[in-house]
Structure formats: structure tokens, C-alpha cells
Amino acid sequence: MKINPSLILILALLGMPLANAVEVVIGQVGPMSGLDANQGRAYAVGMQLMFNNINKVGGINGHTFALVRKDDGGRPGDTVSATKQLLTEEKPLVLAGFFGNRNITDLVSSGVLEVNSIAVVGYRTTEVRSETPLLYNVRASLRDEINKITEHLATVGINRIGLFTKTGRVLPRCLLPPTKQSRRLAPISFPKHPIQLGRLALRRLLRCSLKPHRKPSSWSQAVQVAAAFIEQYRAAGGASQLLSYSGADIEQLSKRLSEEQLRGVAIAQVVPNPYKISGRLAKEFSDTIAKTQSLEVPVSYTMMEGYIAGKVIVEAVRRQGRNPSRSGFVTALDGMDSYDLGGYLVSFKPGMRSGAKFVELSIISGSGKIRQ
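Reading the values: the criteria
Residues numbered from 1 in each chain as written. Predicted model: local features only at pLDDT ≥ 70, side-chain atom pairs only at ≥ 80, totals over all residues. Heavy atoms only, no water. Helix = DSSP H or I, 4+ residues; strand = E, 2+ residues; numbered from the N terminus. Buried < 20%, exposed > 50% of the residue type's maximum accessible area, 1.4 Å probe, protein only. Contact = heavy atoms within 4.5 Å. Areas by Shrake-Rupley, 256 points an atom, 1.4 Å probe, with all protein chains shown as cover. Expected span 1.5 Å × (residues − 1). Salt bridge = Lys/Arg side-chain N within 4 Å of Asp/Glu carboxyl O. pLDDT = per-residue confidence, 0-100. Pairing = 2+ DSSP bridges. Core = buried A, V, L, I, M, F, W, Y, C linked by side-chain atoms within 4.5 Å. Phe/Tyr/Trp six-rings, centres within 6.5 Å; stacked < 30°, edge-to-face > 60°. Axes fitted to C-alpha atoms, helices over the stretch in contact; angles between N-to-C directions. Parallel < 35°, antiparallel > 145°, perpendicular 65-115°, else oblique. Left-handed = near helix turned anticlockwise from the far one by under 90°. Nonpolar A, V, L, I, M, F, W, Y, C, P; charged D, E, K, R; others polar.

## Regarding the overall build of the protein chain
Line of reasoning, step 1. Across its full length, the protein chain carries 13 helices and 15 strands.
Line of reasoning, step 2. Every one of the 372 residues in the protein chain was classed for burial, and the buried ones make up 51%.
Line of reasoning, step 3. Summarising the internal contacts of the protein chain: among those between residues at least 6 apart in sequence, 68% fall at separations of at least 24.
Line of reasoning, step 4. Of the accessible surface of the protein chain, which amounts to about 17900 Å², a share of 54% is contributed by carbon and sulfur atoms.

Structure, rendered in C-alpha cells:
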């Protein structure tokens, strides 16, 4: 049957799918069970919310979106095997929403991404990573978070930092931005089992914070902490300001700790606050949540991050036109310069795959509420 060219034009203008429209499959392998299940599932829900929005209006260039996820329980070995299985069975065009230092390191070293020429858009680690081909992060790097924290401390006159890390490793001094103030690091080693804070480490930390100084007005201490540390530090009489990188789940902290223990704790956040409208992106997210009848997990910063990853994926598909592909994703992402999601900028280029610089500190008030 001969098709009228005018009809094809009308269909295109109306955004209706043509014969070459495809379903863009996005694959996620992450912790859908286990200790990090809330975050893994929240990331997935955030992406799905974005894809639902686009599918409801007919997709992008006629293409619709489908998210397929597999559970690795947080186990690195399962991350690699589940990714291989997902690639074989579902044939995704892009991967997204991966979690964990070892998980991602093992995935890269396995060669799975390179062999399949497939990009990962959006992942979460707690270490400073070099720029790795095919890994595109939609959040600020850990280096950016630490810079934000130390710049804040310099602004309020804090010039001594006790650094408390899970591995006991001291972060390189190059991570600390140069300032006119001198910064003396008091590194504290984290015990093998984080829940059990070592007595020696706790004594050292308390001694540092209580030690007198010639200039009391400028003497203070800040501690970069893991979530399990706050409870014991406060219980032992620690009164220094506590700051943490974004990996600390603020929603889970508020469930576990009392308002008194949380008062004044500051956590670096790498996405806009999902609980208030502070810009176009936050309003769009809020409106989407309001129209959603039920959510698999509560609203969170992680869900907002997943929503951002979904928007970046949709934009990469838009830039590919009628024929999205795995190689097309890489090309589109590498050319994504200062893409504005609504007050949140994402930029990639070859050799620069940490796409955002947004970092703000969320401080928990005396009533246990999050404030900026």
C-alpha cells in the first residue's frame, strides 16, 4: 500500500511513532535487597518516574523507554554476573544506577563494558575515581564534596579537621583547596567493623576536640564521619561539628538517631533538595511525585539523583534522532556540554565524565528537620 507523504509528515509533527521507533531499554544492576536496598530501589524509582513522564507524551523521536533492573544485593561478584545476564537477555542500549566501589571496579576490570561498547550513566561510589571510559556520572565527585566541606569550614573559621574514614586512609592533601588559613589534619583510623568504634580512636578524637588552644575563637574541629559513628561519638561526649559526604543516607540517619544526636550534623548533598521547590528541576520532580499514586520507597535525595540520571538518558536519546544505539549514547554524552536540567548543569566531554559540580550542605536542625 502506498503511504501518502503528507500523512507521514503529519504523524511526525504530532510526535506519533513511525516504523523505526524503538523501545529504549535501560539496564540497572544494583542493591534491590540487603543493606543498601532503599537507595538502590530509590534510584530505580527516580529513573522510572522520568521515563513514565516521557512515555505518557509519546516518547522522544517516537522512542519509548523501559527500565529493567536486576538485584546484586550489593555483592560485587553478583554485579558482574547479573550485568552479563542482563546484556544477553534484555539487550539494553545503556546501563544506569550502579552502586559500590568494588562493584564498579570489578565491572570495569571484567571488560564487560568495553566488550559490549555500552555506557553506564549514573553510579555511586565513595572514593575518588579517575575518569574511566564508558562511566558517566551525573553527580559531583567526592573531590568536589570535600572541597565544598573544607571551603565551608574555612568560611566559618574552622582550621583543624579530624578526618575519620572507613578504611583509615588519609585523603591526599591535594583534595583540600588552598586557603590562607593553615589546616592541620588529625586523621583517625576507622575500625575494621564500623559499628564498633575503637576505644583508642574515640579517645584520640575526643582529645583532639577538647584540647585547649591559644586562640579559642578560631579553634574547632570537624569530623568527616560514617553514619555508624555519630551515635557513639555523641554518647561519649563529643561536641565537635560533624560533617559527612553524601554517601550517608540522611533519611536512614533520621530514623536511627535521636534529634539530639543529629542536631547540627551537616551532610554534603550532590543533588537539589527533593523536599522543597528551589528551582525548575525541583518543581518538576515535585509535580511528578504529586501525580504518582504510590511509590515503592519514600522520596529521597537518591530518588532525585535517579530522576536526574533519567533526564540525562532521555536527552542523549533525543540527540541521537531516529536511530539510538550504544555507540550513539557515547557520542551524545561526550557532546553534552552545559546541559541545563532546570538549574542543575551536566557537562561531559572525552576525558571528563564527572558531569556535575553541584554540592550544597544540608544541616539537620534541632527539630530533626533538614535545612540548607
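Now that the structure has been shown, we can carry on.
## Overview of helix 2 (residues 37-56)
Line of reasoning, step 1. Between its first and last C-alpha, helix 2 extends 28 Å over 20 residues, near the 28 Å set by a 1.5 Å rise per residue.
Line of reasoning, step 2. The positive-phi residue at the C-terminal boundary of helix 2 is Gly 58, with phi of around 95°.

## Focus: the pattern of salt bridges
Line of reasoning, step 1. All told, the structure shown has 14 salt bridges when counted by the stated rule.
Line of reasoning, step 2. Across the salt bridge formed by Asp 340 and Arg 280, the nearest N and O atoms sit 3.4 Å from each other. Taken together, the residues Asp 340 in strand 12 (residues 339-340) and Arg 280 in helix 11 (residues 280-291) connect sequence positions 60 residues apart.
Line of reasoning, step 3. One network of salt bridges, in which partners are shared, links Arg 124, Arg 139, Glu 145 and Glu 305.

## Points about the confidence of the model for the protein chain
Line of reasoning, step 1. In this model, the protein chain carries an average pLDDT of 79, and 72% of its residues clear a pLDDT of 70 or more.
Line of reasoning, step 2. Contacts from residues 7-17, a stretch scored under 50 in pLDDT, to residues over four places away or in other chains number five contacts.
Line of reasoning, step 3. Counted against residues more than four places away or in other chains, residues 210-225, with its pLDDT under 50, gives 48 contacts.

## With respect to the sheet that holds strand 3 (residues 94-99)
Line of reasoning, step 1. With parallel pairing, five strands are arranged side by side in an open sheet as 2-1-3-4-5. Taken across any chain shown, the strands that pair with only one partner, and hence form the sheet edges, are strand 2 (64-71) and strand 5 (135-136).
Line of reasoning, step 2. Sheet analysis places strand 3 next to strand 4 (residues 120-124), joined by four bridges and oriented parallel. Each residue of the ladder has a partner; that of Ala 96, found in strand 4, is Val 121.

## A word on helix 3 (residues 76-90)
Line of reasoning, step 1. An ideal rise of 1.5 Å per residue puts 21 Å on 15 residues; helix 3 measures up with 21 Å between its terminal C-alpha atoms.
Line of reasoning, step 2. Just downstream of helix 3, Lys 91 is the residue with a positive phi angle, here 55°.

## A short note on the nonpolar core
Line of reasoning, step 1. Counting residues in hydrophobic clusters, the biggest one holds 77 residues, and the most contacted among them are Ile 26, Phe 65, Val 312, Ile 313 and Leu 333.
Line of reasoning, step 2. Per-element tally for this core: the top contributor is helix 12 (residues 301-320), with eleven residues.
Line of reasoning, step 3. Among all residues touching Ile 313, those that are not within four sequence positions of it are Ile 26, Phe 51, Phe 65, Val 94, Ala 96, Val 121 and Phe 329.
Line of reasoning, step 4. Counting eleven residues, the second-largest nonpolar core is a separate cluster that includes Phe 229, Tyr 233, Ala 248 and Leu 257.

## Here we look at the packing of aromatic side chains
Line of reasoning, step 1. Tallied over the full model, the rule gives six aromatic pairs.
Line of reasoning, step 2. When the centroid spacing of 5.2 Å and the interplanar angle of 85° are considered together, the rings of Tyr 136 and Phe 348 count as edge-to-face. One end of the pair, Tyr 136, is in strand 5; the other, Phe 348, is in the loop between strand 13 (345-346) and strand 14 (360-364), and 212 residues separate them in sequence.
Line of reasoning, step 3. Among the residues examined, Phe 348 registers a relative accessible area of 2% and is labelled buried.

## Looking at unusual backbone geometry
Outside of glycine, negative phi angles account for most residues, and trans bonds account for most peptide bonds.
Line of reasoning, step 1. One non-glycine residue, Asn 61, adopts positive backbone phi at about 55°.
Line of reasoning, step 2. Its place among the elements puts Asn 61 in the loop between helix 2 and strand 2.
Line of reasoning, step 3. One non-glycine residue, Leu 134, lies in positive phi territory at about 75°.
Line of reasoning, step 4. Mapped onto the secondary structure, Leu 134 falls in the loop between strand 4 and strand 5.

## Some remarks on the packing of helix 2 against helix 12
Line of reasoning, step 1. Interaxial distance between helix 2 and helix 12 falls to 7 Å at its minimum, and their mutual angle equals 40°. The angle between helix 2 and helix 12 falls in the class oblique. Taken as a pair, helix 2 and helix 12 cross one another with a handedness that is right-handed. Contacts from Gln 39, Ala 42, Tyr 43, Val 45, Gly 46, Met 47, Leu 49, Met 50, Phe 51, Asn 53 and Ile 54 of helix 2 reach helix 12 at Thr 302, Met 303, Glu 305, Gly 306, Tyr 307, Ala 309, Gly 310, Lys 311, Ile 313 and Val 314.
Line of reasoning, step 2. Grouping the amino acids of the contact of helix 2 with helix 12 by side-chain chemistry returns 13 nonpolar, six polar and two charged.

## Here we look at the pairing of strand 2
Line of reasoning, step 1. With eight bridges joining them, strand 1 (residues 23-30) and strand 2 adopt parallel strand pairing. Note that in strand 2 the partner of Val 29 across the bridge is Lys 70.

## Describing the packing of helix 12 against helix 13 (residues 326-334)
Line of reasoning, step 1. Where helix 12 contacts helix 13, the two axes come as close as 9 Å, and the packing angle between them is 105°. Compared by their axis directions, helix 12 and helix 13 come out roughly perpendicular. Seen from helix 12, the contacting residues are Val 312, Ile 313, Ala 316, Val 317, Arg 319 and Gln 320; seen from helix 13, they are Gly 328, Phe 329, Ala 332 and Leu 333.

## Notes on the environment of Val 314
Line of reasoning, step 1. Tracing the sequence through the fold places Val 314 in helix 12.
Line of reasoning, step 2. Among the residues examined, Val 314 registers a relative accessible area of 6% and is labelled buried.
Line of reasoning, step 3. Once the C-alpha coordinates of Val 314 and Phe 65 are considered, the two residues, 249 residues apart in sequence, prove to be 8.4 Å apart.
Line of reasoning, step 4. In this structure, Val 314 is in contact with Met 50, Phe 51, Ile 54, Ile 60 and Phe 65, ignoring residues within four places of it in sequence.

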